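# Structure assessment
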Amino acid sequence: MILRLLLLSCVAMLAAIAEAHGVDEDVSTQSPANEQVRNRGAGKDHWWNQLPRPEWSAFERIDQDQDWFEVYRIADGVFAIYEPGQFEEVISFLITGEDRALLFDTGLGIGDMKRVVEQLTDLPIVVLNSHTHYDHIGGNYQFDTIFGRDTGYTRGRAAGSQPEAVAEFLKEGWVWKPLPEGFVVEDFRSRAFSISRFVDEGDAIDLGGRRLEILSTPGHAPDAICLLDRDNRLLLTGDSFYLAPLYTHLEGSDFLDYAKTAARLAGLAGDIDAALTSHNVPVVEPRYMTALGDAFGAIEDGTADDYVTADGLREYRFDGFSVIVDARGPAYDCAASRHEIEDLVCDNPALAALDRRLDEVYGRALAVLGDVADSTAATRHLKAEQRGWIKGRNECWKAADKVGCARTGYEQRIAGLQARYFLVEGREPVFFSCDDGSEIVATFIPTELPTVRLERGDTVEVGWQVPAASGAKFEADFGVSFWTRSDEAIVNWPQDTRISCKVRR
Ligand SMILES: [Zn+2]
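Throughout what follows, the structure given in this document is the object of discussion. (Residues numbered from 1 in each chain as written. Predicted model: local features only at pLDDT ≥ 70, side-chain atom pairs only at ≥ 80, totals over all residues.)

### Quick look at the overall build of the protein
Scanning the protein from N- to C-terminus turns up eleven helices and 26 strands. Computed over the C-alpha atoms, the radius of gyration of the protein is 26 Å, within 12% of the 23 Å expected from 2.2 N^0.38 for a compact globule of 505 residues. Each of the three principal axes of the protein carries a C-alpha extent, and together these read 80 × 60 × 45 Å. Partitioning the intrachain contacts of the protein with sequence separation of at least 6 by distance along the chain shows that 58% fall at a separation of at least 24. (Helix = DSSP H or I, 4+ residues; strand = E, 2+ residues; numbered from the N terminus. Rg over C-alpha atoms; globule rule 2.2 N^0.38 Å. Contact = placed C-beta atoms within 7 Å.)

Here is the structure:
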């Protein structure tokens, strides 16, 4: 569904902007990226006039017998299977090894993907999807061996769709090539498929002489992955990057996850010679991975200032691509904001996303308290604590890095609530015996910012991880800290006392 919303939102967005500013829609101050957005949106009737995209001419075209597809050899053993006849211009990749081949996505489901693949290789085929948006899984049903993520989102997509879910792909103005012979428009839907093996972050697929590492890269979609072919210095990005508007705002998208993914991909720029992208053009230079990380970093720290806002969305423009984010703002009413930091959060979509996430986590914590014995008192206590936290966040106006201060505050508060109210499952508790005769039960919790829940007698503290030269160090409120290395811990609890503890065997 990737480029579909672009069309809807950008037409509306640009119309709204043109209206709001009273400018001519053809004003020529747009960046190249936005030019592309605008033309593709506004000029939908003739978007195909810009085809063929010149980038494809760098590659050898491979014969096969369906007009719907174009196939190119992108690198040794790597074919791009391109569907230029439909607005999404989706690209699937076939990667061959000595023993088997991996098909990274199966396209829109309009052409016969299995037939085109069989004309490219005799090897057994494994299908793996970059993510399960409908424009990437259309041909999955044709294949027997499908690897996939073990997520609820993936399972939902694997169940297939009603025709309405994908009908838009075929609407007037979306397709310029003739549909394949025998294709029945009324029957078009995403067909169910079954996943034969679950794969996850850290897994690798050995094709025989070619190894593909799976990176979990959520953000655009919850089950998004990238594939890293380290030996051949290739990164397949799926929809995490391409030269068009990147979507962080769809249902199932998550800006904060996407920002982490962007930083991670930026870190790979030096390990690759090319990034293979799943829409429009097949290959982009590694420097775009750096640019992607920089772009999200600039949005997060508030220094990205080339953007347009309309329709509840904000589009940040960068060189060659743009990033569309949810501009709904935080969970509180920005019109009632009375504070510099509250205004800052209102104007920063990354902080606003953190505020919405905190609001959701806080709501879940309150719900937990609804079931406890002294519910009223406990609820009153948590509400007072939350008001205190907001005051503390607003103290960030004094910080040199106001955005960083607020972000850290949010991350610690979210993780702290998740840990204290058991919203994220902890690992097995570890029992420490301490030299003051006390015992501490430490439960390490894999919250996004890792936390530890410390119980001693009938008191509980929650600490969040802070940088440490060795081991794992956690700090909690009121100067409490817990620093553990191998089976020992140095504990300050309360503040200014220092005890040593050892794991009890
Ligand atoms: Zn997508």
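Back to the write-up after that little detour.
### Some details on the sheet that holds strand β13 (residues 245–247)
In spatial order, the strands read β13-β18-β17-β16; together these four strands make up an open sheet with mixed pairing. Two strands lie at the open edges of the sheet, namely β13 and β16 (307–310), each paired on one side alone. Neighbouring strand axes in the sheet, compared pairwise and without regard to direction, differ in orientation by 25° on average. The sheet contact formed by β16 and strand β17 (residues 313–317) spans four bridges and is antiparallel. Note that in β17 the partner of Thr309 across the bridge is Arg314. (Pairing = 2+ DSSP bridges. Axes fitted to C-alpha atoms, helices over the stretch in contact; angles between N-to-C directions.)

### Thoughts on the packing of helix α6 (residues 255–266) against helix α7 (residues 287–301)
Where α6 contacts α7, the two axes come as close as 7 Å, and the packing angle between them is 145°. Like other packed secondary-structure pairs, α6 and α7 cross with a definite hand, here left-handed. Where α6 abuts α7, its residues Tyr258, Ala259, Ala262, Ala263, Leu265 and Ala266 lie against Met289, Thr290, Leu292, Gly293, Ala295, Phe296 and Glu300. Here the contact of α6 with α7 is composed, by residue class, of ten nonpolar, two polar and one charged. (Left-handed = near helix turned anticlockwise from the far one by under 90°. Nonpolar A, V, L, I, M, F, W, Y, C, P; charged D, E, K, R; others polar.)

### Topic: the nonpolar core
Among the nonpolar cores identified, the biggest contains 113 residues, and Ile81, Phe93, Ile95, Leu102, Leu292 and Ala295 are the most heavily contacted of them. Counting residues per element, this core draws most heavily on helix α9 (residues 349–369), at nine residues. Setting aside chain neighbours within four positions, we find Phe93 in contact with Val78, Phe79, Ala80, Phe104, Asp105, Leu236 and Leu276. (Core = buried A, V, L, I, M, F, W, Y, C linked by C-beta atoms within 7 Å. Buried ≥ 20, exposed ≤ 12 C-beta atoms within 10 Å, placed from the backbone.)

### Section: unusual backbone geometry
Cis geometry is found at the peptide bond from Leu51 to Pro52, where omega equals -5°. Along the chain, Pro52 falls in the loop between α2 (32–42) and β1 (60–62). Phi is positive for Asn280, which is not a glycine, with a value near 70°. Residue Asp311 is not a glycine yet carries a positive backbone phi of 60°. Looking at the secondary structure, you find Asp311 in the loop between β16 and β17.

Treat this as a map of the structure, not an account of what it does.
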